[in-house]
Amino acid sequence: LLDSFRTQDNLAVHQMLLQFNHILAVKMNQFSTFFTFAMIGWLWEVLLFLFTRGEFINRGTSHGPWLPIYGVGGTVVLIVLKKFRNKPWLTFLLSMVLCGVIEYFTSLILEKVQGMRWWDYSGYFMNFQGRICLEGLAVFALGGCAAVYLVAPSLDHLFCKIPMKIKKIICVVLVVLFVADMAYSAFVPNIGEGITDNDVARIEIKKSDVLIASDFL
């Protein structure tokens, strides 16, 4: 009888460990997905400015090679729209809505916290407060569809090939670097030409320059 209890306890512990490892694997994949999309977004915008302006511009609020808004957007789209994979048109529309909400509130929060805008769609067709516009949302919706139907399956296949130990190390290193970058960027945000070169940003930069200059006088 005692042996049967021990066997049941061992099975229960084994099942708990399997569940924990499964949850951990899922979270590791989500972290990996976030950083992958954040880096893809950064690379996309850097290349876009490289081809259109002919110069390298480190886009985004932080200093590292990532744009968190793309990481959040891509991860949210994959998680929320997973059950709509068999309806591409609905995936497109919902991607547009989700990305629009994320972009709008990201712009709003950044302006409230930092006093600057990192993008401004004023003058674009069907823009709302310069924070979002139809053209940008259409591009993000296409990106959401690409993430769901093209990128995600490839990432799943790639992540499954990486041993869990190596995946843990990579995720820990990326998280540490990312948190350090976010903390530093909170006090020293990434600003300048091609980054915050809209009217609101220029006004705020001039204000900060005047305050800094007054501190030395």
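Sequence order sets the numbering: in each chain, residues are counted from 1 along the sequence as written. Local features in this predicted model are restricted to residues whose pLDDT is 70 or higher, and side-chain atom pairs enter the listing and the counts only when it is 80 or higher, whereas totals over whole chains, interfaces and linings include all residues. Hydrogens and water molecules were not included; the side-chain quantities draw on all heavy atoms of the structure.

Student: Break down the overall build of the protein chain for me, with residues and values.
Tutor: Counting its secondary structure elements, the protein chain contains six helices and two strands. Counting from the amino terminus, the protein chain carries its helices and strands in the arrangement α-α-α-β-β-α-α-α. Partly exposed residues are those whose accessible area sits between 20% and 50% of the maximum for their type, while under 20% is buried and over 50% is exposed, using a 1.4 Å probe and protein chains only. When burial is assessed residue by residue, the protein chain has 33% of its 217 residues classed as buried. Whether two residues touch is decided by their heavy atoms; if any such pair falls within 4.5 Å, the residues are in contact. In the protein chain, once contacts between residues fewer than 6 apart in sequence are set aside, the share between residues at least 24 apart is 70%. Only DSSP runs of H or I with at least four residues qualify as helices, and only runs of E with at least two residues qualify as strands; both kinds are numbered from the N terminus onward.

Student: Let's hear about a nonpolar patch on the surface: which residues, and what values?
Tutor: What makes a patch is a set of residues exposed beyond 30% relative accessible area and free of salt bridges, joined within 9 Å when like-charged and within 5 Å when nonpolar (Val, Leu, Ile, Met, Phe, Trp, Tyr). Reported accessibility uses the Shrake-Rupley method at a 1.4 Å probe radius. Residues are deemed covered only where the shown protein chains occlude them. Whenever a carboxyl oxygen of Asp or Glu lies within 4 Å of a side-chain nitrogen of Lys or Arg, that contact is scored as a salt bridge. Taken together, the side chains of Leu43, Leu47, Leu50, Phe51 and Phe56 present a nonpolar region at the surface, about 530 Å² in accessible area. You can see Phe51 is positioned in helix 1 (residues 2-53). In this structure Phe51 comes out as exposed when scored by relative accessible area, which is 71%.

Student: If you had to explain the pattern of salt bridges to someone new, which residues and values would you point to?
Tutor: Counted by the stated rule, this structure contains four salt bridges. The salt bridge partner of Arg117 is Glu111, with a shortest N-O separation of 2.9 Å. The partner of Asp120 in a salt bridge is Arg117, with the nearest N and O atoms 3.5 Å apart. With a relative accessible area of 24%, Asp120 lands in the partly exposed category. Each of Glu111, Arg117, Asp120 and Arg131 takes part in a single network of salt bridges with overlapping partners.

Student: Which residues make up the layout of surface pockets, and what values go with them?
Tutor: Detection works on a 1 Å grid of protein atoms alone, calling trapped sets that fit a 1.4 Å probe cavities and calling open sets with protein on both sides within 12 Å along at least five of seven lines pockets, with lining residues defined by an atom within 4 Å of a point. Grid points are joined across faces, edges and corners, and a volume is the space filled by probe spheres set on the points. Considered as a void within the structure, the second largest pocket measures approximately 450 Å³ in volume. Taken together, 14 residues line the second largest pocket, and the ones lying closest to its centre are Thr33, Leu78, Ile79, Lys82 and Asp156. Where the lining of the second largest pocket is concerned, the elements lending two or more residues are helix 1, helix 2 (68-80) and helix 4 (134-161). A per-element tally of the lining of the second largest pocket places helix 4 first, with five residues. Looking at the lining of the second largest pocket residue by residue, the classes come out as seven nonpolar, four polar and three charged. Each residue gets one label: Ala, Val, Leu, Ile, Met, Phe, Trp, Tyr, Cys and Pro are nonpolar, Asp, Glu, Lys and Arg are charged, and the others, such as Gly, are polar.

Student: Before we move on, could you go through the environment of Val80 and cite the residues and values that matter?
Tutor: Position of Val80 among the secondary structure elements: in helix 2. Look at Val80 and you get partly exposed, because its relative accessible area is 40%. C-alpha of Val80 to C-alpha of Leu94: the two residues are 14 residues apart in sequence and 9.2 Å apart in space.

Student: I'd like to hear about the environment of Val172, residue by residue, with values.
Tutor: Note that Val172 resides in helix 5 (residues 164-187). Val172 sits in the exposed class, given a relative accessible area of 52%. The spatial distance from the C-alpha of Val172 to the C-alpha of Phe31 is 9.7 Å, given a sequence separation of 141 residues.

Student: Account for the side chain of Arg59, with residues named and values stated.
Tutor: Mapped onto the elements of the fold, Arg59 is located in the loop between helix 1 and helix 2. What makes Arg59 buried here is its relative accessible area of 11%. Any pair of nitrogen or oxygen atoms within 3.5 Å is treated as a polar contact; in protein, a donor-acceptor pairing is required on top of that, and neighbouring residues in sequence qualify only through side-chain atoms on both sides. Among the polar contacts listed, one links the side chain of Arg59 to the side chain of Glu45, at a separation of 2.8 Å.

Student: Tell me about helix 3 (residues 88-114), and please be specific about residues and values.
Tutor: For helix 3, with 27 residues, the first-to-last C-alpha span of 37 Å sits near the 39 Å given by 1.5 Å per residue. Turning to helix 3, its buried residues are Leu90, Thr91, Ser95, Met96, Cys99, Gly100, Ile102, Glu103, Tyr104, Ser107 and Leu110. Against helix 2, strand 1 (127-128), strand 2 (132-133) and helix 4 lie the buried residues of helix 3. The length a helix should cover is 1.5 Å for every residue beyond the first.

Student: Just give me the short version of helix 2, but keep the residues and values in it.
Tutor: In a regular helix each residue adds 1.5 Å, so 13 residues correspond to 18 Å; helix 2 covers 18 Å between its end C-alpha atoms and thus fits that length. Among the residues making up helix 2, those that are buried are Tyr70, Gly71, Gly73, Gly74, Thr75, Val77 and Leu78.

Student: Give me the side chain of Glu45: which residues, what numbers.
Tutor: Considering the arrangement of structural elements, one finds Glu45 in helix 1. For Glu45, a relative accessible area of 15% gives the class buried. Residue contacts for Glu45: discarding those within four places in its chain leaves Arg59, Leu67 and Tyr70.

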